[in-house]
Amino acid sequence: MLVASMNPCPCGYFNHPTRACVCSPGMVQKYLNRISGPLLDRIDLHIEVIPVPFNKLSETPPAESSKEIRKRVIEARKIQAERFKNVKGVFCNAQMTSKLMNKYAGLEENSRQILKTAMEKLDLSARAYDRILKVSRTIADLEGAENIQPNHVAEAIQYRSLDKGTWGN
Ligand SMILES: [Zn+2]
């Protein structure tokens, strides 16, 4: 598993809640372009983490605990183990071939429309398309949903925030 982090822009304050970023949009885009598109394509989840002010930290009610999340992940893994039990060398959604994706990550018309619009608007690559379908399948599994629903696809699209044309604009 690869986990990596980077600054949002050369000065570090792009999208900061209280401090102003001094970079021009062109500079922000150029900074991101130092990471190659094909590399970004291969990273499943892009998450923007903005600083939380101290008083917000102390007043935030406790979120779902790691223990509860772990339970959900184990359940989702079980679903995937069962799904691929007869497929040699495949244990989880990320490993699906296009044939397996056709079988298990098919979209209904309304979900397909959401993805089509995002692909066009965000100028996403074919590789990003595959990632979105696989991540959608996993989000559906985490909810215990049999079919991928529009909200699963919409969430998966949000995890592509660093793809071409969306960051820094
Ligand atoms: Zn900046």
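Keep in mind it's a predicted model, so treat the numbers as computed, not measured.

Caption draft 1: Here's a closer look at the overall build of the protein chain. For the protein chain, the helix and strand inventory stands at eight helices and zero strands. Projected onto its principal axes, the C-alpha positions of the protein chain cover 55 × 40 × 30 Å. Here the protein chain, with 169 residues, has 22% of them falling under the buried criterion. Considering only residue pairs separated by 6 or more positions, the protein chain has 61% of its internal contacts joining residues 24 or more positions apart.

Caption draft 2: Region of interest: the packing of helix α7 (residues 126-143) against helix α8 (residues 150-158). Between α7 and α8, the least distance of the axes is 8 Å, while the angle of their chain directions is 125 degrees. In this view, α7 runs oblique relative to α8, as classed from their interaxial angle. Relative to α8, the crossing made by α7 is right-handed. Along its contact with α7, which presents Ile132, Val135, Ser136, Ile139 and Ala140, the element α8 presents His152, Val153, Glu155, Ala156 and Ile157. Tallied by class, residues from the contact of α7 with α8 come to seven nonpolar, two polar and one charged.

Caption draft 3: A look at the nonpolar core. Grouped together as the largest cluster of nonpolar side chains are 16 residues, with contacts concentrated most on Leu115, Ile132, Ile148, Val153, Ala156 and Ile157. Looking at this core, the elements with two or more residues in it are α6 (109-122), α7 and α8. Here the element with the most residues in this core is α7; it accounts for six residues. Once residues within four sequence positions are removed from consideration, Ile132 is found in contact with Leu115, Val153, Ala156, Ile157 and Arg160. Formed by five residues, the second largest nonpolar core is a distinct cluster that contains Cys9, Phe14, Leu32 and Trp167.

Caption draft 4: Local environment of α8. Burial in α8 covers these residues: His152, Val153, Ala156 and Ile157. Looking straight down α8, one finds its buried side chains confined to an arc of 135 degrees; they lie on one side. Of the surrounding elements, those touching the buried residues of α8 are α6 and α7.

Caption draft 5: Summary view of the confidence of the model for the protein chain. In this model, the protein chain carries an average pLDDT of 90, and 96% of its residues clear a pLDDT of 70 or more. The element-level mean pLDDT for the protein chain is lowest in helix α3 (residues 54-59), coming to 76, with α8 highest at 96.

Caption draft 6: Molecular detail of unusual backbone geometry. A positive phi angle, near 65 degrees, is found at Asn15, a position not held by glycine. Along the polypeptide, Asn15 turns up in the segment before α1 (25-32). C-beta crowding within 10 Å serves as the criterion here: with 13 such atoms nearby, Asn15 is assigned to the partly exposed category. A positive phi angle, near 55 degrees, is found at Asp123, a position not held by glycine. Counting through the fold element by element, Asp123 comes out in the loop between α6 and α7. Residue classification places Asp123 among the exposed positions, given that 12 C-beta atoms sit within 10 Å.

Caption draft 7: Region of the structure containing the environment of Ala76. Inspection of the secondary structure assignment puts Ala76 in helix α4 (residues 66-83). Judged by the 20 C-beta atoms lying within 10 Å of it, Ala76 falls in the buried class. As for Ala76 and Asn86, which are separated by ten residues in sequence, their C-alpha atoms are 17 Å apart. Filtering out sequence-adjacent residues up to four positions away, Ala76 remains in contact with Thr138, Asp141 and Leu142.

Rules behind the numbers
Residues numbered from 1 in each chain as written. Predicted model: local features only at pLDDT ≥ 70, side-chain atom pairs only at ≥ 80, totals over all residues. Helix = DSSP H or I, 4+ residues; strand = E, 2+ residues; numbered from the N terminus. Buried ≥ 20, exposed ≤ 12 C-beta atoms within 10 Å, placed from the backbone. Contact = placed C-beta atoms within 7 Å. Axes fitted to C-alpha atoms, helices over the stretch in contact; angles between N-to-C directions. Parallel < 35°, antiparallel > 145°, perpendicular 65-115°, else oblique. Left-handed = near helix turned anticlockwise from the far one by under 90°. Nonpolar A, V, L, I, M, F, W, Y, C, P; charged D, E, K, R; others polar. Core = buried A, V, L, I, M, F, W, Y, C linked by C-beta atoms within 7 Å. Arc of directions from axis to C-beta. pLDDT = per-residue confidence, 0-100.

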